[in-house]
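Tertiary structure, described
Spelled out from the first residue to the last, the chains are:
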2 protein chains.
Amino acid sequence: MPITDDSRTDGHPPDHGDLDVRKAAILNAVVTEYIASAQPVGSQHVVDAPGVSVSSATVRSDMAALEREGFLAQPHTSAGRIPTDKGYRFFVDHLAGPGSLDPVGRHQVRQFFDHAHGEIELMLERTSGLLADLTDCTAMVVGPSHESAAIRSVQLVGLGPRLALLVVVLADGAVQKQSIEFDVDVDDARLSDAAGRLAAHSLGWPLTQVTARAARTGDTATDAVVAAGVAGLRSLGQEHGAEQLFVGGSSRMAVAFDAVETVRSVLTILEQQLVVVTLLRDIIDTGLSVAIGTEHGVEPLASCAIVVMPVSVDGVGAGTIGLLGPTRMNYPLALAAARVVGDRLGQRLSEAGR
Amino acid sequence: MPITDDSRTDGHPPDHGDLDVRKAAILNAVVTEYIASAQPVGSQHVVDAPGVSVSSATVRSDMAALEREGFLAQPHTSAGRIPTDKGYRFFVDHLAGPGSLDPVGRHQVRQFFDHAHGEIELMLERTSGLLADLTDCTAMVVGPSHESAAIRSVQLVGLGPRLALLVVVLADGAVQKQSIEFDVDVDDARLSDAAGRLAAHSLGWPLTQVTARAARTGDTATDAVVAAGVAGLRSLGQEHGAEQLFVGGSSRMAVAFDAVETVRSVLTILEQQLVVVTLLRDIIDTGLSVAIGTEHGVEPLASCAIVVMPVSVDGVGAGTIGLLGPTRMNYPLALAAARVVGDRLGQRLSEAGR
DNA sequence: GGTCAGCACTCACTAGAGTGGAGTGCCAGC
DNA sequence: GCTGGCACTCCACTCTAGTGAGTGCTGACC
């Protein structure tokens, strides 16, 4: 199914940037066909495209111009043209229609969110699988940050005579835990006493703003437990500054590329959670929703494009969706899927946190 | 570094199964060399191997015999030999020395476990990375099952007027949660009352054995909350029967194989947690520690071998380690790494759960 | 001036022939 | 039973056309 102009006949005129209408149509046709076939596109294949009612000779001269202007490239002299990163960029900015999911995809999304329940982590994980299925790209889902979520509950559960588990529940429904070891035996009564004091000290504050010192009780042993608990809270606040990342459909990368070497380097990047999370944030910070080729500056991903979509809950950022594919990915589909799933996910999260 | 007989000169004689000593030596040499070079091994390359002090002509006739018996195969008439699955099996069972980590690897393991701390999930995740680094295989780590762990704490934390979070702490330090929605507003007092009753009803039992009905209180509203809590506990018990899986170093698969198609199908398998967990359990259940080629019956992994190692805490099974590589993986190294890391991991888990 | 048919040219891709070499199987002799 | 020798096989590589999809250019046409 080629991406035609149809979607733009109803309303505002197509924005062709600073490219003459026919050249834009030719670029559109080349990009569309190359995305579908992965083969260099010759002038003959373009003449029947909408908006191009000239001979192949004329198309050739236009293509040569597009190449001079940096939108197209030739693998070798007597081959067809393939889009450059700049060509994809123009396509995404000016040519690609808003795109939409096909009915099957829409149904899949509806089904998914109707049946999604339970833990948020599990849902995010499954969401990454859904996105990968919808788009045939590798999907990345970054969970909401708990940085500003207030502490709703603090509990100390004894697991052994000198071992306890600090369990913290945040207002957004996240649960975090940290095991604490003591130098001396601590009984349950003392634990619950200390937990009460910990709660008084931290309830309502986000983890990152728990102060280092809690009020003394006078009881040295209890004070020690409380102090350990405060230290635990603070270390949780630091550790979990990093958002959780869920990657789905990484096998899709092995379909998109035929060079094993490329697959390997992309997978290596995907294994580094911090790199991926930072990358997605960087792209969003630069105001892009698509980063093509070298635009994101991560060298091993030079032959990839990334579609990002912030997920917002009640207007506040709460995670990110990312789709990773070859530069010749189906942008309209990827953008549509990211938007639809991002919206539904945001709704869902806001219901859960209400 | 070839895997020689050296490791077995000190004590019990080598077990060559039902293969004559020289043929076993030849098989050993072929497997070792093929693992190192990935090229079919000719008779000339084998004559210098330990235990083979005959001419290449004799080696050839032995190799022909080994081929007739199914241990070796020839890609084509005038090529060298490569091991069959049966050949690898014999190698693993009778020829490969116990193997050991090199000093660098040992240091890595020590470093890792000296600095491992915090949440168990994070540690398991990182363990998979460590194993992948050590062996250049894809590593799979299955977390301990919480099926039989007793409930240590049950709590209901209000997140909204009609929304609460059920938080359960198990004796092994696992924390599980489930959000519960109510039809009517429930205040904190009622929540904590209900939580107390839930605790009385379930403390000390594993999640899977929580009974469906709790004692009535007489207060209809509280009873409803308690009932919802019981339902939540029971659904947690069902959902989390599945152990958690952590996969590390999936990019190594793209190094091991040069056919993209193979990489794709292996990655697809790795994305299916349930399949992987079941596969590992099946292999352990059949009493194997290595499954080679088609032995495990998962068709897309026919060109892979899997090394498994149960992790036990105080003699009781608590998770599994798996290493996935091509059939020509370095078995002694993989077995050694799995054993060492498995032991240390078991120790670590038993300390934490004490 | 833009468009177009025609033409010469380029160059990846394929098929086929030839060659070198690594490897084999077999056999006669020790 | 082991060995050196020998004929044979067949992959991997190179070289050589031949093919065809595609290009750029040009001169004529509207």
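Predicted model only: the values in this text are computed from it and were never measured. (Residues numbered from 1 in each chain as written. Chains lettered and ligands numbered in written order. Predicted model: local features only at pLDDT ≥ 70, side-chain atom pairs only at ≥ 80, totals over all residues.)

A separate point is the overall build of chain A. Along the backbone of chain A there are 11 helices and 10 strands. A compact globule built from 354 residues would reach a C-alpha radius of gyration of about 20 Å, whereas chain A, at 26 Å, exceeds it by more than 25%. Overall, the C-alpha framework of chain A stretches about 90 × 40 × 30 Å when taken along its three principal axes. In chain A, which comprises 354 residues, the share counted as buried stands at 45%. Within chain A, contacts between residues at least 6 apart in sequence are counted, and of these 63% link residues at least 24 apart. (Helix = DSSP H or I, 4+ residues; strand = E, 2+ residues; numbered from the N terminus. Rg over C-alpha atoms; globule rule 2.2 N^0.38 Å. Buried ≥ 20, exposed ≤ 12 C-beta atoms within 10 Å, placed from the backbone. Contact = placed C-beta atoms within 7 Å.)

With that settled, the discussion passes to the protein's contact with DNA strand D. What surrounds DNA strand D is a group of 19 residues, the closest being A:G42, B:V54, B:S55, B:T77 and B:S78. Only α2 (56-68) of chain A together with α2 (56-68) of chain B provide two or more residues apiece to the surface near DNA strand D. The element best represented in the surface near DNA strand D is α2(A), accounting for 4 residues. A class-by-class count of the residues in the surface near DNA strand D yields 6 nonpolar, 11 polar and 2 charged. (Near = placed C-beta within 6 Å. Nonpolar A, V, L, I, M, F, W, Y, C, P; charged D, E, K, R; others polar.)

The next point concerns the interface of chain A and chain B. Contacts between the two partners involve 33 residues from chain A, matched on the other side by 32 residues from chain B. Classifying every residue of the side of chain A that touches chain B by side-chain character gives 14 nonpolar, 11 polar and 8 charged.

Quick look at the sheet that holds strand β5 (residues 163-170) of chain A now. Sheet strands pair via backbone hydrogen bonds, and the direction of the pair is either parallel or antiparallel. All names here are of chain A. Strand order in the open sheet made by the 3 strands is β4-β5-β6, with antiparallel pairing throughout. Edge positions in the sheet fall to β4 (151-160) and β6 (175-181), since each has one partner strand and no second. Averaged over all pairs of adjacent strands, the angle between strand axes in this sheet comes to 20 degrees, irrespective of strand direction. As paired elements, β5 and β6 share 7 bridges and run antiparallel to each other. Note that in β6 the partner of V168 across the bridge is Q176. (Pairing = 2+ DSSP bridges. Axes fitted to C-alpha atoms, helices over the stretch in contact; angles between N-to-C directions.)

Judged by nonpolar contacts, the single largest core of 159 residues is most densely connected at A:I26, A:L27, A:A334, B:I26, B:L27, B:V307 and B:A334. The next biggest cluster of nonpolar side chains, apart from the first, holds 55 residues, and it includes A:V157, A:V168, B:V169 and B:A174. (Core = buried A, V, L, I, M, F, W, Y, C linked by C-beta atoms within 7 Å.)

A separate point is the protein's contact with DNA strand C. Neighbouring DNA strand C are 19 residues; A:V54, A:H76, A:S78, B:G42 and B:S43 lie closest to it. Contributions of two or more residues to the surface near DNA strand C are made by α2 of chain A together with α2 of chain B. At 4 residues, the largest contribution of residues to the surface near DNA strand C is made by α2(B). The residue makeup of the surface near DNA strand C, split by class, is 6 nonpolar, 11 polar and 2 charged.

The next point concerns the relation of the copies chain A and chain B. For the match of chain A to chain B, the screw axis carries a shift of 0.1 Å, the RMSD comes to 0.2 Å, and the turn is 180 degrees. Taken together, the rotation and translation relating the two chain copies correspond to the operation of a two-fold axis. No C-alpha of chain A lies nearer the rotation axis than that of A:V260, which sits 3.0 Å from it. (Least-squares fit on C-alpha atoms with pLDDT ≥ 70 in both.)

All right, on to the confidence of the model for chain A then. Within chain A, residue pLDDT values average 89, and 94% of them lie at 70 or more. This model gives residues 1-13 of chain A a pLDDT under 50, and the stretch forms 14 contacts once residues within four places in sequence are excluded. (pLDDT = per-residue confidence, 0-100.)

Our focus in this paragraph is the environment of A:E121. Following the sequence through the fold, A:E121 ends up in helix α5 (residues 120-135). Along the chain, A:E121 and A:L245 lie 124 residues apart, while their C-alpha atoms are 9.6 Å from each other.

To continue, consider helix α10 (residues 273-285) of chain B. Residue and element names in this part refer to chain B. If you check α10, its first and last C-alpha atoms are 18 Å apart, about what 13 residues at 1.5 Å a residue would give, namely 18 Å. Residues of α10 that are buried in the fold lie against β3 (138-142), β7 (245-248), α9 (260-271), β8 (290-292), β9 (304-313) and β10 (316-326). The first or second residue beyond α10 is G287, which carries a positive phi of 85 degrees. (Expected span 1.5 Å × (residues − 1).)

Attention now goes to the pairing of β3(B). Two faces make up the sheet, and in a regular strand the side chains alternate between them. All names here are of chain B. Here β3 lies mainly inside the structure; 5 of its 5 residues are buried. Burial of β3 is two-sided: the residues T138, M140 and V142 facing one way and the residues A139 and V141 facing the other way are all buried. For β3 and β10, the ladder comprises 5 bridges, and the chain directions are antiparallel. From the neighbouring strand, A139 faces β10, where its bridge partner is L323.

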